[in-house]
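Breakdown of the fold
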Amino acid sequence: MSVANTSIGTSHLTGIVPATGDSVARSLPDKTLLEWLRMMVLIREFEVRTMQAYQDRKIGGFCHVYIGQEAVAVGCTASVEHPDPIVTAYRDHGHALARGMDPKYCMAEMFGRIGGCAKGKGGSMHMFDRDNNLFGGHGIVGAQTPLGAGLAFGTKYIDEVINEGTSQRVTLCFLGDGALNQGALHEAMNLAGLMKLPVIFIVENNGYSMGTSINRGTTMADEITAKAKAYGMLSAQIDGMDILNVYDGMKAVVDQVRSTPCPAFVDMRTYRFKGHSMSDPRKYRPREEEQSYETDDPIAKLRDYLFSQKLFDEDRFKAMSKEIRGEVRASIKWAEASPPPDVMEELYKDVYVEEWGPYNGTSEPEMLTDGDQRKEEG
Amino acid sequence: MTRVIEYRDALNEAMCEEMRRDQRVMLLGEEVAEYDGAYKVSRGMLKEFGEKRIIDTPISESGFSGMAIGATMVGLRPIVEFMSWSFSLVAADPILNNAPKMLYMSGGQFGCPIVFRGNDGAGGQLGSTHSWCVEGLYSNVPGMKMAIPAFPEDAKGLLKTAIRDDDPVFFLESERLLSFKDEVPEEEYTIPFGQALVRRPGSDCTVVSFGRPVHFCLEAAETLAKEGISCEVIDGRTIRPLDIDTIVRSVKKTNYLVVVDQSWSFGSPGSEIASQVHQHCFDDLDNAVVRVHSADVPTPYAVELEQAYLPNAHRICEAVRSVTYNA
Ligand SMILES: Cc1ncc(C[n+]2csc(CCOP(=O)(O)OP(=O)(O)O)c2C)c(N)n1
Ligand SMILES: [Mg+2]
């Protein structure tokens, strides 16, 4: 494998040779770029309403919004095919929507309703969508990284051993910069490197894990791709605030990972505009820093590019935003109308695949009966 | 003399006092220093003790727990904060395989004076991975001690004891109790391990619990008193060592026992207590021991499911009524 250092746009790729030095994103059909813009605006609007719903106590538990990072989920998802698996951490609403989950299922999940993508059993941190090849939302920092390696192991095995062909799929495994410091990631990267698994570990490097800035949390903070090099992986650093750039960089990485197959690691530079979760006063970072990133808004950037190319105009943007607001409002209405999961039906369902004893989903839940002496099953 | 303070500040006082009297004690964990603690338990400690003793760690539970255990082997007495006990699972090997077994494996040469502490139990719709009640899972391991205070006074007194203890202590706090205020002595005190407390005397049924559910038991006892059922509520305070004597004494008097334990029922502190009581009080019991636990399913997110899942006063009342029906 040639270890060339290439750059496209503001990305730096190590060991990855893009098919062309030109931007692929800019030559895509107008329709595609407009879809990206639409999706980013949808995620933004969805998250704004999520925050309101949380404040109104319609959403409980831990809730982490994706505002500021939209170009990452949308650009990365666009760089792969729909059957390619995606797995991520708990800041997962953006990935779910970008992957095609209907906003109403996502909202209903956070409302804890039966119409949610996981029947209200998972919540904000656990968006799962089998039809859209989204393998969760995982709440324990780093937990999804061995799973990402496993998804890649699985697809490769199916293609090569069961179907006796060549490996087809690429897995995108998203993680936060805080997850760089979990042992699980390092074991997963070593396995992926050893077994040449087609998985891309995409670090959504927003500079902070809760109140800890990356240089207080990890070594080589300015050059985290060094960690991947130790595991023999391809790596890239990509400006994640510009979706055209995200797509171009990711396309090159994805192509190489798919054709080799081999793992890769991406230092995706981004920023979360809001607090870590819904109760974070953000005292650990200067307001000026926040403002400088806010002026680097990924949505405004693509919008202005489309304006400058005369592919879009202010009026159509307004109309699009209005339509999206309606769509998100409708998702809230839908979530509100969806009933809560029935305790008798759901509490004991989905514990085991084969129902037995108290887990048949219809028996009276244990805690609603009282004495053990009244119960028959063990 | 007492004053009313929050559970969180009781914990803070315990750590500060012990750090003042013993240089070997230090605190490490995620967000404990510059952020003043994810739940503000270590508020002000960085300022007082400096960054050499109040140490922010990366999200590396396995690494920093193991590191702290290593440091005990040359004489330090670290306090390790888990933001939540749910996150200690990635550190299961060091905290279960190293800390509680070091003394035994080394034939008595190396002890492990360490405190692991953090929030335990459901925090309110935190879902399946973030709602662990580790008392069920971890109390199984010999060599460790486990304290689980329900009141600020105990939080402080037990934590001071934990820090002075020469064995590893798993200290289980509750996010839902951190802002709970109650009286705490002004003067210096410690509370010994292995001493349960009768929180409410009664004659008809013994109700034993530890940690946050003690409050539900007291609530249930209040309701049941109006129906003429007098409950004796015992707060176990530590699970290892377990003060079985106080429980047995009470059961010999009331002849009925309900155990309330927020962990799952299978192989739990609740089942252990039931078993020991059946052994010691076989002839005194007028009914089988009844246990109230979290439902035997992963913790659900939806509020309706979670409420049905967790132990609460209503379920405890039902349990007491059902066990005493033949009284
Ligand atoms: C093992 C583990 N430890 C601690 C936590 C608590 N926690 C949740 S999110 C988080 C910060 C993670 O930051 P990062 O990985 O950078 O992701 P970001 O929030 O920036 O998207 C922490 C410490 C957890 N969920 N899991
Ligand atoms: Mg981060």
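These remarks concern the structure in this document. (Residues numbered from 1 in each chain as written. Chains lettered and ligands numbered in written order. Predicted model: local features only at pLDDT ≥ 70, side-chain atom pairs only at ≥ 80, totals over all residues. Heavy atoms only, no water.)

Within chain B, the secondary structure is distributed over 12 helices and 14 strands. For 327 residues, the compact-globule estimate of 2.2 N^0.38 gives 20 Å, and the C-alpha radius of gyration of chain B, at 20 Å, lies within 12% of that figure. Here the C-alpha coordinates of chain B stretch approximately 60 × 45 × 45 Å along the principal axes. Burial analysis of chain B (327 residues in total) assigns 61% to the buried set. The contacts of chain B with a sequence gap of at least 6 include a subset with a gap of at least 24, amounting to 81%. Separation of charge centres in chain B, based on 31 positive and 47 negative side chains, amounts to 3 Å. (Helix = DSSP H or I, 4+ residues; strand = E, 2+ residues; numbered from the N terminus. Rg over C-alpha atoms; globule rule 2.2 N^0.38 Å. Buried < 20%, exposed > 50% of the residue type's maximum accessible area, 1.4 Å probe, protein only. Contact = heavy atoms within 4.5 Å. Lys, Arg positive; Asp, Glu negative; His and termini not counted. Charge placed at Lys NZ, Arg CZ, Asp CG, Glu CD.)

Attention now goes to the pairing of strand E7 (residues 199-205) of chain A. Residues and elements named next belong to chain A. Within E7, seven of the seven residues are buried, leaving the element largely enclosed by the surrounding structure. Pairing of strand E6 (residues 171-176) with E7 involves six bridges; the strand directions are parallel. Bridge pairing links Leu 172 to Ile 200 in E7. Handedness of the crossover joining E6 and E7 through helix H6 (residues 183-195) is recorded here as right-handed. (Pairing = 2+ DSSP bridges. Right-handed = clockwise from strand over helix to strand, strands pointing away.)

Another aspect to go through is the environment of Ala78(A). All names here are of chain A. Tracing the backbone shows Ala 78 in helix H2 (residues 70-78). Sequence separation of Ala 78 and Asp 296 is 218 residues, and the distance between their C-alpha atoms is 21 Å. The residues contacting Ala 78, other than those within four sequence positions of it, are Trp 36 and Tyr 247.

A word on helix H12 (residues 314-337) of chain A. All names here are of chain A. The end-to-end C-alpha distance of H12 is 35 Å, a good match for the 34 Å that 24 residues give at a rise of 1.5 Å each. Listing the buried residues of H12 in full gives Phe 317, Met 320, Ser 321, Ile 324, Val 328, Ser 331, Ile 332 and Ala 335. In this structure, the buried residues of H12 make contact with helix H1 (30-55), helix H4 (103-110) and helix H11 (298-308). (Expected span 1.5 Å × (residues − 1).)

The residue after Thr260(A), namely Pro261(A), is reached through a cis peptide bond having omega -25°. The residue Pro261(A) is located in the loop between helix H9 (243-259) and strand E11 (264-269) in this model. At the junction of Arg240(B) and Pro241(B), the peptide bond is cis and its omega measures out at 0° in the coordinates. Topologically, Pro241(B) is positioned in the loop between strand E12 (238-240) and helix H9 (244-254). Even without being a glycine, Lys310(A) presents a positive backbone phi close to 60°. The topology assignment puts Lys310(A) in the loop between H11 and H12. What makes Lys310(A) exposed here is its relative accessible area of 72%. The residue Glu31(B) is not glycine, and still its phi comes out positive at about 65°. Tracing the sequence through the fold places Glu31(B) in the loop between strand E2 (25-29) and helix H2 (45-49).

Under the criterion given, the structure shown has zero disulfides over all chains. With no disulfide of its own, Cys63(A) has Cys106(A) as its nearest cysteine by sulfur position, at a separation of 9.3 Å. On the basis of relative accessibility, which here comes to 1%, the residue Cys63(A) falls in the buried class. Cys231(B) provides the cysteine sulfur closest to Cys205(B), a residue in no disulfide bond, and the two sulfurs are 5.3 Å apart. (Disulfide = S-S within 2.5 Å.)

Looking now at the coordination of the magnesium ion (ligand 2). Residue and element names in this part refer to chain A. The magnesium ion (ligand 2) binds to the protein through Asp 177 (OD), Asn 206 (OD1) and Tyr 208 (O), with metal-donor distances spanning 2.1 Å. Between the donor residues of the magnesium ion (ligand 2), the gaps in sequence give the motif D-x28-N-x1-Y. Of the two residues, Asp 177 sits in the loop between E6 and H6 while Asn 206 sits in the loop between E7 and strand E8 (208-209), which places them 29 residues apart along the sequence. Per residue, the accessibility class of Asp 177 equals that of Asn 206, and both read buried. (Donors = N, O, S within 2.8 Å, 3.2 Å for Na, K, Ca; no water.)

Take the interface of chain A and chain B next. If you look at the interface, chain A gives 46 residues, while chain B gives 36 residues. Summed over both partners, the interface of chain A with chain B buries about 3400 Å², with 59% contributed by carbon and sulfur atoms. The interface formed by chain A and chain B includes two salt bridges. Among the secondary structure elements, those contributing two or more residues to the side of chain A that touches chain B are H4, helix H7 (214-217) and helix H13 (343-346) of chain A. Taken together, the residues that form the side of chain A that touches chain B break down as 18 nonpolar, 18 polar and 10 charged. (Buried area = accessible area lost by both parts, 1.4 Å probe. Salt bridge = Lys/Arg side-chain N within 4 Å of Asp/Glu carboxyl O. Nonpolar A, V, L, I, M, F, W, Y, C, P; charged D, E, K, R; others polar.)

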